[in-house]
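Results of the structural survey
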Amino acid sequence: MYNKGLIKLFAFLFGIVSIYQLSYTFISSKIENEAATFAASKISESDSDFADKREALETKYLDSIGGESVFGYTSYNEAKKKELNKGLDLKGGINVTLQIKIKDILSGLANNTKNPVFLKSLEDADEASKSSDKTYVDLFFEAFDANKGDTRLASPDIFFTKTLSEEIKSMDASDQEVKPIIRRKIDESVESAFEVLRERIDGFGVTQPNIQREGNSGRILVELPGAKDKARAQELLSSTAQLEFWETYPKNDPNVMQFINLANEKLRSLVDKDNKAAVADTEAKPESEIDSLLSDVTQDSLDIASQVNPLGDLIAGIPNSYAVAEFAIKDTAKVNEYLRMPEIKRLIPNAIQHVKFVWERPAKGSEVIGLFALKGNRENAPEMSGDVVSGARAQFDQFNRPAVGMDMNVKGAKQWQKFTSEVNLNQTGIAVVLDNRVYTAPGCSVVGGISGGSTEISGDFTLAETKDIANVLRAGKLPARADIIQSEVVGPSLGHESINSGLMSFLIAMALVLLWMVFYYGKAGVAADIALLLNILLIFGVLVSLGAVLTLPGIAGIVLTIGMSVDANVLIFERIKEELAKGKGQALAISDGFGNALSSILDANITTGLTAVILFIFGSGPIKGFATTLLIGIATSLFTAIFVTRLFVEGYSGGKGKVLEFCTGLTRNLFKNLSIDFLKKRKIAYVISGTLIVVALVSLFTTGLQQGVDFVGGRTYQVRFENSVSTSEISSKLTTVFDKGTNVKTFGDDNQIMITTSYKVDEDGIAVDEEIQEKLFNSLQDLLPSGLTLAEFNNGGTDDVSIGIVKSKKVGPTIADDIKKNAVWAILGSLLVVFLYILFRFRKWQFSLGAVVAVFHDVLVVLGVFSIFGKIMPFNMEIDQAFIAAILTVIGYSLNDTVVVFDRIREIVKERGWSSGDNVGLALNSTLSRTLNTSLTTLVVLLAIFIFGGESLRGFMFAMIIGVLVGTYSSLFIATPVMFDTLKKRIQAGKEDKVEDNE
């Protein structure tokens, strides 16, 4: 090998750089462990809320030493930024996909026009978006073209507005001139939303957050590793930050009281009598809240003692604030339903005809919530908007309670003084409304109003809430609503377990492979092991250098890379053994062995790499992590196998009197002198494979596959209990609460279940998520420890006990369709790319056909196994994105195996001709040692992950284990026979003496 010095230098430098990059991870972990030890020594477990206190003390400790020098070249703060990024499944945290509502942006650009053509086009675009891959703006333009008649986009009541007057010069502008302007404005709005969200996330307080746009779809992916409070994170991300200041009506305003009284009277005749208690059974009771509320209203009083009051009976109290009344939080939906009724709206007195009813923000732990009546106007616009706010900060009020301070610009300061002056004269309140919720509603006692433009939002806030509110106000408002269409939440305890299980599977797989190489190849195996260890070091070093995220599937990708690295070394060593058997000297045999194996190694790795690239393009989240590590692993394993292994092999064999044998006493004669006639057995193989495929197809068309929420949409919750539970018992409970689309099954241990439901799958918003979690909590109460709160249940229990929802996932129906389409395109794309690559390499379509038929065979068998055994196996066998990753990996592995065989066929036929197929059998026998060796080591690796890698990877690994088994079989008994049979007539006619070489 030439340039040995250069190879040694590169290997040394790459190793040193990788160690340097990984040193930041070790430093940050070491200091965090010291902080945890320090906190534990200061705060006893007997203290109340010791976990929270320890966490606060750890944070304080890390802040205090964060800038100090460590080992003379870094600090903790710097090391934390440069450490290895761990994904949610290893660290816990939150992953959401936000859909910016392009519809809202279009409406805003058109000044919320009521133009019927515009509104009809929006409705049509909404409907079309449910089944189309096109962007929303494209669908809107298509709908507008179909509906417009003589209407133009540049009409004064559509887009020829003051806002767009500098862009659209004339109302006579054609639609083709206006469309690119609207597209640009929408892109600017989405980019603005992206920047706003990034500023909010920067202030959220998590390390290594990730935020990225997904093309021009209007979607934004946000990952918050380590975030624990999912409700806080979801609210921060989906909040539009629409800050408004409204004037309330005075306390007990007669017109408001009159309306509530009239509404209550009217509802008696509207509400279904069957849903109310019978009048005869209604017990007399003391003066109710509605009596007190209406006591000052001069009209006939209600006979509360003998009649049912649909609205009045829901009132839970009369607040001291400017709120109209208090209601139980669980009754707010019913109150909203009543107030939205057309018959009720018609009862609003003329004096308050533009009244706007808004709920207050519920205090943490409270069961009641206030309803405010705000002074509206014809335009439904507030007295002041949040545009005037120039700064915001978390602070403490005069009673030392957490509050939010705000500063206003010059224009806002003048408006604020005028507004507060009027409020003082009218004896009304100022409702501070953020995203349609009243955060506080104080009065103003300052004559002449508040000057200076500074004010304060105070209420029942926690310090974290005031920080979030200030953060949101500083970052500004989103240009449109952001709906969470996909989310995944992993509890920190589950992340910790995943690290342990992932590390365990990695170490076991590594140890087994290292031992096998030494057992099979002796001292040569030691050289391969050294190269393999360097390969692992380089993979992690590259991951850190690129800032890539390590996920649990990523660890699987690394472990799979071990198998691929072994494959390259096996190919090399087997070829060296062949050269030695020909009587060549050791140095020449080594040189020729490496040279002859190179073509097979490159072809095998390129085909696997192509499937990994497709997986990276079409996958998302952890699947991208799998593809990333696989691609990095392919590159590093090629370098270490081809160059580093050779350095050690040549270095050892070059010594005086040293002979390097590529076997041991036990393996010396294995697979020698084999003469299996594979082609003669092809008809039996066709029958066996045909039977398997027919059985698979019958099962697929009758039983089908268990599609996960990735493909059908819905919500899934991984719930852990203290003791074993019955899935049938829980299923019967939840079916009555949700609907028939709810599925419950054991997930791993018998104290852990997976709940999947399609309940309200079409509805977005935090309120729906909270509703479902509350119903889960209430339904499972008798199976949970006493004293466990709803918040603890939602966050996976306490620091002491992992109980409750340890992982949750939500996928909206729209994004589920996209995921399914991407999966289909990924599989078809990989087959097409591989077909073309093999056609390019072997110059005969028969080789490509054989490879693709074998791949189809393997995929159908794997799908059939999942269809037949999906409900039998004691682990999750749902079809999701991870399964698609497994299928693509199976495709890559099958092709890897097939290409190695085809390479040997090409080599032997080139030398000796086809000889009516005899030399095809010779090629298959000569590669059998490599095929079985590689398959065995790969299976050992996959089994290690399957057994020790954790429940979430079992279905993924099972698919790959089946894929490796059928892939090994198909490369021998399907790919090669199909290739031979399609070439047979030409071979027999003497038209195919050799395979053209493309090297």
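Residues numbered from 1 in each chain as written. Predicted model: local features only at pLDDT ≥ 70, side-chain atom pairs only at ≥ 80, totals over all residues. Heavy atoms only, no water.

On to the overall build of the chain. The helix and strand inventory of the chain stands at 30 helices and 23 strands. Among the 999 residues that make up the chain, the fraction classed as buried is 53%. Taking the intrachain contacts of the chain between residues at least 6 apart in sequence as the baseline, contacts between residues at least 24 apart amount to 74%. Of the accessible surface of the chain, which amounts to about 44,700 Å², a share of 56% is contributed by carbon and sulfur atoms. (Helix = DSSP H or I, 4+ residues; strand = E, 2+ residues; numbered from the N terminus. Buried < 20%, exposed > 50% of the residue type's maximum accessible area, 1.4 Å probe, protein only. Contact = heavy atoms within 4.5 Å. Areas by Shrake-Rupley, 256 points an atom, 1.4 Å probe, with all protein chains shown as cover.)

This part is about helix 6 (residues 116–129). Its 14 residues give helix 6 an end-to-end C-alpha distance of 20 Å, which sits within 8% of 20 Å, the value for a rise of 1.5 Å per residue. All of the buried residues in helix 6 are Val 117, Phe 118, Ser 121, Leu 122 and Ala 125. Looking down the long axis of helix 6, one finds its buried residues gathered within 140° of arc, a one-sided arrangement. Of the residues in helix 6, the exposed ones pointing more than 90 degrees away from the buried face are Pro 116, Glu 123 and Glu 127. Each element contacted by the buried residues of helix 6 is listed here: helix 5 (102–109) and helix 7 (136–147). (Expected span 1.5 Å × (residues − 1). Arc of directions from axis to C-beta.)

The four strands lie next to each other as 8-9-11-10, forming an open sheet whose pairing is antiparallel. Across the chains shown, the open sheet's two edge strands, defined by having one partner strand only, are strand 8 (315–317) and strand 10 (356–359). Across this sheet, the average inter-strand angle for adjacent strands is 45°, counted without regard to direction. Here strand 10 pairs with strand 11 (residues 368–374) via four bridges, running antiparallel. Directly across from Lys 356, in strand 11, lies its bridge partner Leu 374. Its contacts with the sheet place helix 12 (residues 332–340) against strand 9 (325–328), strand 10 and strand 11, and it is angled at close to 175° to strand 10. (Pairing = 2+ DSSP bridges. Axes fitted to C-alpha atoms, helices over the stretch in contact; angles between N-to-C directions.)

Under the definition given, this model contains 28 aromatic pairs. Ring geometry for Tyr 520 and Tyr 521: centres 4.8 Å apart, planes at 65°, overall edge-to-face. Across this residue pair, the class does not change: Tyr 520 and Tyr 521 are buried. Seen from their ring centres, Tyr 969 and Phe 973 are 5.4 Å apart, and the 25° between their planes marks the pair as stacked. Of this pair, Tyr 969 and Phe 973 are both found in helix 30 (residues 954–988), four residues apart, which corresponds to roughly one turn of the helix. Clustering of aromatic rings is evident, with ring pairs tying together Trp 516, Phe 519, Tyr 520, Tyr 521, Phe 573 and Phe 662. (Phe/Tyr/Trp six-rings, centres within 6.5 Å; stacked < 30°, edge-to-face > 60°.)

Taken together, the three strands give an open sheet; going across it, the order is 13-14-17, and neighbouring strands pair in antiparallel fashion. The sheet is open, and its two edges are formed by strand 13 (389–396) and strand 17 (454–458), each paired on a single side. For this sheet, the mean inter-axis angle between neighbouring strands, taken without regard to orientation, is 25°. One ladder, built from five bridges, connects strand 14 (residues 402–408) with strand 17; its direction is antiparallel. Residue pairing for strand 17: Val 404 is matched across the bridge by Ile 457. Strands strand 14 and strand 17 of the sheet are contacted by helix 14 (residues 410–426), whose axis makes an angle of about 115° with strand 14.

With that out of the way, let us pick up the packing of helix 23 (residues 727–737) against helix 24 (residues 766–779). Two quantities define a packed helix pair, namely the angle between the axes and the distance from one axis to the other. Between helix 23 and helix 24, the least distance of the axes is 10 Å, while the angle of their chain directions is 135°. The pairing of helix 23 with helix 24 is recorded here as oblique in orientation. Regarding helix 23 and helix 24, the two cross each other, and that crossing is right-handed. Two secondary-structure elements touch here, helix 23 through Lys 733, Leu 734 and Val 737 and helix 24 through Lys 775, Leu 776 and Ser 779. For the contact of helix 23 with helix 24, the per-class residue count stands at three nonpolar, one polar and two charged. (Parallel < 35°, antiparallel > 145°, perpendicular 65-115°, else oblique. Left-handed = near helix turned anticlockwise from the far one by under 90°. Nonpolar A, V, L, I, M, F, W, Y, C, P; charged D, E, K, R; others polar.)

Along the chain, Gln 99 falls in strand 4 (residues 93–100). Residues Gln 99 and Leu 221 lie 122 residues apart in sequence; the distance between their C-alpha atoms is 9.0 Å. Those residues in contact with Gln 99 that lie beyond four places of it in its chain are Ser 217, Gly 218, Arg 219, Arg 481, Ala 482, Asp 483 and Ile 485. In terms of polar contacts, Gln 99 uses its side chain to reach the side chain of Arg 219, at 3.1 Å. (Polar contact = N/O pair within 3.5 Å; in protein donor to acceptor, adjacent residues only side chain to side chain.)

This part takes up the pairing of strand 21 (residues 742–747). As defined by bridge partners, strand 21 adjoins strand 22 (residues 749–757) across six bridges and the pair is classed as antiparallel. Along strand 22, the bridge assignment pairs Thr 742 with Thr 757. With antiparallel pairing between neighbouring strands as the criterion, strand 21 and strand 22 make up a hairpin whose turn holds one residue, including Gly 748 at a positive phi of roughly 85°.

On to the pattern of salt bridges. Counted under the stated rule, the structure contains 36 salt bridges. Note that Asp 175 and Lys 148 form a salt bridge whose closest N and O atoms lie 2.9 Å from each other. Of this pair, Asp 175 sits in helix 8 (residues 175–202) while Lys 148 sits in the loop between helix 7 and helix 8; the two residues are 27 residues apart in sequence, bridging distant segments of the chain. Ionic contacts of the salt-bridge type, sharing partners, join the residues Asp 145, Lys 148, Asp 175 and Lys 179 into one network. (Salt bridge = Lys/Arg side-chain N within 4 Å of Asp/Glu carboxyl O.)

So, about the confidence of the model for the chain. In low-pLDDT segments, the atomic positions of the prediction should not be examined closely. Averaged over every residue, the pLDDT of the chain is 80; residues scoring 70 or more account for 89%. Confidence scores differ between elements of the chain, with helix 11 (residues 289–293) showing the lowest mean pLDDT of 42 and helix 21 (residues 682–702) the highest of 92. (pLDDT = per-residue confidence, 0-100.)

Examined against the element boundaries, Lys 179 turns out to sit in helix 8. Residue Lys 179 is classed as buried on the basis of its relative accessible area of 9%. Apart from residues no more than four positions distant in its own chain, Lys 179 is found in contact with Phe 141, Asp 145 and Leu 153.

So, about the side chain of Arg 575. Take Arg 575: it is sitting in helix 18 (residues 552–581). Residue classification places Arg 575 among the buried positions, given a relative accessible area of 4%. Here the side chain of Arg 575 touches Glu 907 through a polar contact of 2.6 Å, side chain to side chain. If we skip the residues at most four places from it in the chain, Arg 575 touches Gly 593, Asn 596, Ala 597, Arg 904 and Glu 907.

Relative to the helices and strands, Glu 167 resides in the loop between helix 7 and helix 8. A relative accessible area of 28% places Glu 167 in the partly exposed class. Residues contacting Glu 167, with those up to four places away along its chain left out, are Ile 181, Arg 184 and Lys 185. In this structure the side chain of Glu 167 is engaged in a polar contact, spanning 2.5 Å, whose partner is the side chain of Arg 184.

Our focus in this paragraph is unusual backbone geometry. Residue Asn 252 is not a glycine yet carries a positive backbone phi of 55°. Inspection of the secondary structure assignment puts Asn 252 in the loop between strand 7 (243–247) and helix 10 (254–270). The exposure class assigned to Asn 252 is partly exposed, which follows from its relative accessible area of 43%. Positive phi outside glycine occurs at Asn 400, with the angle close to 65°. The topology assignment puts Asn 400 in the loop between strand 13 and strand 14.

Once that is clear, we can look at the pairing of strand 18 (residues 482–490). Each regular strand shows side chains that alternate between the opposite faces of the sheet. Strand 18 sits mainly inside the fold: nine of its nine residues count as buried. With eight bridges connecting them, strand 4 and strand 18 associate as antiparallel partners. In the strand pairing of strand 18, Thr 97 is matched with Gln 486.

A few words now on the packing of helix 6 against helix 7. One way to put it is that helix 6 packs onto helix 7 with a least axis distance of 8 Å and a crossing angle of 130°. Put simply, helix 6 runs oblique to helix 7. The chirality of how helix 6 crosses helix 7 is right-handed. Contact residues: helix 6 offers Val 117, Phe 118, Lys 120, Ser 121, Leu 122, Asp 124, Ala 125, Asp 126, Ala 128 and Ser 129, while helix 7 offers Tyr 136, Leu 139, Phe 140, Ala 143, Phe 144 and Asn 147. Residues that form the contact of helix 6 with helix 7 fall into these classes: ten nonpolar, three polar and three charged.

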